[in-house]
Amino acid sequence: MTERTLAIIKPDAVKKNVIGRIVQRIEEEGFRIVEMRLVHLSKDDAKGFYIVHKDRPFYDSLTDFMSSGDAVVMLLEREDAIATWRKVMGATDPAKAAPGTLRHAYGFSIERNAVHGSDARETAAWEINHFFKS
Ligand code: IDP
Ligand code: MG
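Here goes a summary of the coordinates provided.

1. Remarks on the site of ligand 1
And then number 1: In the region of ligand 1, the neighbouring residues are Lys10, Tyr50, His53, Phe58, Leu62, Arg86, Thr92, Arg103, Ile110, Glu111 and Asn113.
And then number 2: One of the side-chain nitrogen or oxygen atoms of arginine 103 is found 3.0 Å away from an oxygen atom of ligand 1.
And then number 3: Asparagine 113 places a polar side-chain atom, nitrogen or oxygen, 2.9 Å from an oxygen atom of ligand 1.
And then number 4: Calculation on ligand 1 without its partners gives an accessible area of 530 Å², and the protein chains cover 80% of this total.
And then number 5: Taken together, the residues of the shell around ligand 1 break down into four nonpolar, three polar and four charged.

Next comes the structure, spelled out in structure tokens:
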């Protein structure tokens, strides 16, 4: 079934100049890019987006990182988009991500892991609305 997910190219990957390579991979994997925008999140924007992690020890560091530079937010569409995009990204920790995944290729650490993807239908809907209110 056609589904939508939110993807982000995080500031570490933008600084590495790999937006193009990641977008190429997205196209090769058969996603349609419905919306795409370069953003520079404020600290408060990042805290709002990651509010689900507010009690985690890495919340402050994560939101500093996510507001440290430009990022690319994308609304992607495909059959089974949520699970497919998470598979293409790989495990959260690049050291554990399988070869061929984006986090294996471009991630630096469990925090600076190049890309974001929604993890379920409900979170995808919330995250898409967060950046692309229709
Ligand atoms: P996910 O991005 O694979 O869904 P989540 O557990 O939802 O992983 O965590 C959100 C983001 O928070 C991760 O992508 C990563 O940037 C950061 N993060 C997750 N776990 C840690 C950690 O243990 N230390 C530092 N940052 C973390
Ligand atoms: Mg997550």
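2. Considering the pattern of salt bridges
And then number 1: Applying the stated rule across the entire model yields eight salt bridges.
And then number 2: A salt bridge links aspartate 55 to lysine 54; its shortest N-O distance comes to 3.4 Å.
And then number 3: Assessed through its relative accessible area of 67%, aspartate 55 is described here as exposed.
And then number 4: Since its relative accessible area comes to 46%, lysine 54 is described here as partly exposed.
And then number 5: Several salt bridges share partner residues, and in doing so they unite Arg4, Arg32 and Glu77 into one network.

3. As for the sheet that holds strand E1 (residues 2–9)
And then number 1: Taking strand neighbours across the sheet as the criterion, the four strands line up as E2-E3-E1-E4 in an open arrangement whose pairing is antiparallel. Lying at the two open borders of the sheet, with one neighbouring strand each, are strand E2 (32–39) and strand E4 (115–117). Averaged over neighbouring strand pairs, the angle between their axes works out to 20 degrees when direction is ignored.
And then number 2: Summarising the sheet, E1 and strand E3 (residues 71–79) pair through eight bridges and their orientation is antiparallel. From the neighbouring strand, isoleucine 8 faces E3, where its bridge partner is valine 73.
And then number 3: Together, E1, E2, E3 and E4 form the strand contacts of helix H2 (residues 19–28), whose direction differs from that of E3 by roughly 10 degrees.
And then number 4: Seen against the sheet, helix H5 (residues 81–89) touches E1, E3 and E4 and runs at an angle of roughly 35 degrees to E1.

The rules behind these values
- Residues numbered from 1 in each chain as written.
- Chains lettered and ligands numbered in written order.
- Predicted model: local features only at pLDDT ≥ 70, side-chain atom pairs only at ≥ 80, totals over all residues.
- Heavy atoms only, no water.
- Near = heavy atom within 4 Å.
- Polar contact = N/O pair within 3.5 Å; in protein donor to acceptor, adjacent residues only side chain to side chain.
- Areas by Shrake-Rupley, 256 points an atom, 1.4 Å probe, with all protein chains shown as cover.
- Nonpolar A, V, L, I, M, F, W, Y, C, P; charged D, E, K, R; others polar.
- Salt bridge = Lys/Arg side-chain N within 4 Å of Asp/Glu carboxyl O.
- Buried < 20%, exposed > 50% of the residue type's maximum accessible area, 1.4 Å probe, protein only.
- Pairing = 2+ DSSP bridges.
- Helix = DSSP H or I, 4+ residues; strand = E, 2+ residues; numbered from the N terminus.
- Axes fitted to C-alpha atoms, helices over the stretch in contact; angles between N-to-C directions.
- Contact = heavy atoms within 4.5 Å.

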